[in-house]
Amino acid sequence: MTVGIVVVSHSRALAEAATALAGEMVRGGDLTMEVAAGLDDGGFGTDAVAISEAITGADRGDGVVVLMDLGSAVLSAELALEMVDDDVRERVVLCPAPLVEGLVVAAVSAAGGASAAEVAAEAGDALEAKVGHLGGAAAATPAPVTASGDERRATFTVSMPHGLHARPAAALVQAVRGLDAEVRLRNVTLDGPEVSAASLSKVATLGALQGHEVAVRAVGGDAAEAVRRVVGLADEGFGEATATPAASQATAGTHGPIPAAPGIGIGPARVAAPAAVAVPAARPGTPDEQQARLDAARAEARTRLAAVRDTAAREIGAAEAAIFDAQLLLLDDPDLLADAGARVDAHADAARAWADALDAVERDFAGAADEYLRARAADVRAVRDQVLRALGGVAEDATPADGILVADDLTPAEAAALDPARTPAVVLAGSSPTAHAAILLRARGVAAVVGAGAALVARAGEGALLVVDGATGEVVVDPDPATLSAFRDRAAALDRRRDDAARRAHEPAVTRDGTTVLVGANVGSAADARAALGADLAGLVRTEFGFLDRQQAPDVAEQEAAYRAIAEAMNEDGIGRRVTLRTLDVGGDKPLDYLPVAPEANPFLGVRGIRLALARPELLADQLQAIVRVAHDHPVDVMFPMVAGVDELAAARAALDGAVDAVGRGRPDGLRVGIMVEVPAAALKAAAFAPHVDFFSIGTNDLTQYALAAERGNDRLATLADPLDPGVLALIAATVRGARDDVLVAVCGELAGDEQAAALLVGLGVRELSVAPAGVATIKEAVRAVDVGEARALAAAALACPDAAGVRALLTPARA
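Residues numbered from 1 in each chain as written. Predicted model: local features only at pLDDT ≥ 70, side-chain atom pairs only at ≥ 80, totals over all residues. Heavy atoms only, no water.

### Remarks on the overall build of the chain
When helices and strands are counted, the chain shows 33 helices and 24 strands. Here the chain holds 816 residues, and 52% of them are scored as buried. With an accessible surface of roughly 33400 Å², the chain has 53% of that area assigned to carbon and sulfur atoms. (Helix = DSSP H or I, 4+ residues; strand = E, 2+ residues; numbered from the N terminus. Buried < 20%, exposed > 50% of the residue type's maximum accessible area, 1.4 Å probe, protein only. Areas by Shrake-Rupley, 256 points an atom, 1.4 Å probe, with all protein chains shown as cover.)

Here it is, written out as structure tokens:
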């Protein structure tokens, strides 16, 4: 028996989202759900003819339950019943249950073989859990067990982080349906009443959270089988994405280890403790000689910091690389140099003078009332140590032994220096997936798990064997042979998948049901472009890299040469791949020496991106002329960053028109214009922008920090800045809706490079993903595994999640 379900709503979007959510509860179940919602013109309303057709389509002879939202939907459904055949009408039940809660419960009941009357009754009780939780009328006293026969009992402990919520509860209900047994559950921890395990609405009233003990009692001929199924489901986490029993050996922080960079690492633990840099013994010399030693050491430190900053700028962008700019500025801070110089003049040794001057500044920062200033103390310490190393305080850090690096945290400079061949994985007690170090680890191909907790770091002594899966967040200390073998098999399978992906890198990324998704590369140089094997385009060219380490801005000819080199590198085989050149994206948060910006209380919300470019029209004009010159010979897109208003876009397009006139060769064929969607207002106003652009490119890094009010550079807030937060996903969905079918929507932020997020982004309507060059092949392979229909359901479920953890649970495959 399979009862069909019809969802009647004034809003088609609401009905489809509710249906997708209900579908998540009965994955793989044989269930027909039809939607009759909204009007043909896209407006709100209900249509009796559409409802009658939906009823006919849902009817398999076992009955149909119709759920409706508002009062007029009931009238339309009643009218629809007059339009269907008499024999169909007799099998239809109009159910007054609340639409969302009722539909979820009805879907589980129908999939479990309940009759139409039973499905409607179950749906009608769907609000009991919410009413009870909010202090409403008490639920009716549960009916006594009426079955006879064998009785079996057991208990289980809820292991899932989010408790026995709708999806695991649905799995439990489906497991006991159809058995010759009456099964009851009771929350022992809360000393609650028994409820029927065959009723999803009743199971929801248990209020079973992680760690709660639940008693199971079954009576009937299949009692033993019923208890076995329930306990077996509980042992497996009810199909939720939980760690394996072996993985529970890892001791995590409050929220458990968090996946930060995909990959699997197996090897001995190498615990990294902060290395104290000793002040070297004094060397003889006059004050002038000591000053010369200090200047030489500062120059050496500057060279090393600049090299790391340049690597970071190429791999993850100038925004993240700006953390090194603060350290470079400290090296030349006039007050700091004056203090150190005065100490040298007083006959202090160069190293002692530098250390004492920096220690004083560090103390000032560490004692500041402002949290941001306190966090800058780490920058001062890093600069102090770099110069002291150059002065002989300690030798340059020894190359770490091969193995899994375990640390409380990792600086961006340390992350940028890691060799993936020697350090296959990193486990950090703190940090987050959006911290600078984590972004660099992903770009460099080093697997990483963050937020693992101090206890795990303390346990992972030097020489202990660790296995790490950076895609799932699993960390196992001293695994048993079976677990170690399983991880080795997993690593071998990952290597095979990556090899297969590399062999197919030059093939298009086409989903299982035939939708093509472009996969591009984020680049900052011609070398990056050549490394982007298989990329369909350069989805983001960070042009600001050419403006760094200079005393003045590059002229038109120099910029043209740099952009042309990237375009030629992307097209060495003559295919004609597009390059998307983002105009200069700097400002108060990442200033240039020759482009001073007035101090701002919050530079992240100040004059940056297109705002700065429009304020310096001569700078924008030169860059656009260089872009136009290249566009006459190569397919080019120009993209404006940090656009918040249509007036800004209009001014930028006018500047582009002026550049076309200045070049004097007419508008290049195929020159396209787009904007970065980084400001929440731009996402919500996408429909207003759409007539004026050819594409949107969503920068999830900035969009996340602005949507969640969590600065990316502040590691204390890093756990908040999760691009999988449903609020951020809703902004992506809003952009797609505003774009409609005429404007392509791309994602070029870190989220685009997350293999597990590929289906989610495709389901939201994104049709271009631009990632680090090394990630092109694997993201293409991830897209090939997607079914767009299933991806849309996944996206709807993700948008309904309460937080990023819930979304990650949807994306992370459960492991036996």
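So much for the structure itself; the text now carries on.
### So, the packing of aromatic side chains
The way to describe two aromatic rings as a pair is by their centre distance and the angle between their planes. Counted by the stated rule, this structure contains 0 aromatic pairs. Residue placement shows R490 over the ring face of F487; its charged tip is 4.3 Å from the ring centre. (Phe/Tyr/Trp six-rings, centres within 6.5 Å; stacked < 30°, edge-to-face > 60°. Lys NZ or Arg CZ within 6 Å of the ring centre and 35° of its normal.)

### Digging into a nonpolar patch on the surface
A cluster of nonpolar side chains, V49, L79 and M83, forms an exposed patch at the surface whose accessible area comes to about 260 Å². Checked against the element boundaries, V49 lands in helix α2 (residues 48–58). A relative accessible area of 41% means that V49 is categorised as partly exposed. (Patch = residues over 30% accessible without salt bridge, like charges linked within 9 Å, V, L, I, M, F, W, Y side chains within 5 Å. Salt bridge = Lys/Arg side-chain N within 4 Å of Asp/Glu carboxyl O.)

### A look at a negative patch on the surface
Residues D40, D41, D47 and E53 make up a contiguous surface patch of negative charge. Among the secondary structure elements, D47 is positioned in the loop between β2 (33–37) and α2. (Lys, Arg positive; Asp, Glu negative; His and termini not counted. Charge placed at Lys NZ, Arg CZ, Asp CG, Glu CD.)

### Description of the sheet that holds strand β8 (residues 213–219)
Across the sheet, which stays open at both edges, the 4 strands sit in the order β5-β8-β6-β7 with antiparallel pairing between neighbours. Because the sheet does not close on itself, it has two edges, and the strands there are β5 (151–157) and β7 (195–196). In the packing of helix α10 (residues 223–235) onto the sheet, the strands contacted are β5, β6 (182–187) and β8, and the crossing angle to β5 comes to about 5 degrees. (Pairing = 2+ DSSP bridges. Contact = heavy atoms within 4.5 Å. Axes fitted to C-alpha atoms, helices over the stretch in contact; angles between N-to-C directions.)

### Quick word on the side chain of E474
Within the secondary structure layout, E474 lies in strand β15 (residues 474–477). Within the structure, E474 has its side chain in polar contact with the side chain of R490 (distance 2.7 Å). (Polar contact = N/O pair within 3.5 Å; in protein donor to acceptor, adjacent residues only side chain to side chain.)

### Observations concerning the packing of helix α14 (residues 350–366) against helix α16 (residues 377–390)
Two elements in contact, α14 and α16, have axes whose closest approach is 8 Å; the angle formed by their N-to-C orientations is 170 degrees. When the axis of α14 is compared with that of α16, the two are roughly antiparallel. Residues A351, W354, A355, L358, D359, V361, E362, F365 and A366 of α14 touch α16, and the partners they reach there are A377, V380, R381, V383, R384, V387 and L388. Across the contact of α14 with α16, the residue classes break down as 12 nonpolar, no polar and 4 charged. (Parallel < 35°, antiparallel > 145°, perpendicular 65-115°, else oblique. Nonpolar A, V, L, I, M, F, W, Y, C, P; charged D, E, K, R; others polar.)

### A word on the side chain of H10
Structurally, H10 is set in the loop between β1 (4–9) and α1 (12–25). Since its relative accessible area comes to 15%, H10 is described here as buried. Beyond its immediate stretch of four places on either side in the chain, H10 contacts G38, G43, F44, G45, T46, D69, L70, S72 and A73.

### Quick notes on the environment of I627
Relative to the elements of secondary structure, I627 occurs in helix α24 (residues 617–631). Each residue touching I627, except ones within four places of it in the same chain, is listed here: Y563, L581, T583, V636 and V638.

### Some thoughts on the nonpolar core
Ranked by size, the top nonpolar core spans 100 residues in total, and within it F640, F696, L729, L760 and L769 carry the most contacts. If one sorts the elements of this core by residue count, α24 sits on top with 8 residues. F696 has contacts with I675, V677, A686, F689, A690, T735, A739, V743, L744, V745 and A746, leaving out every residue within four places of it along the chain. (Core = buried A, V, L, I, M, F, W, Y, C linked by side-chain atoms within 4.5 Å.)

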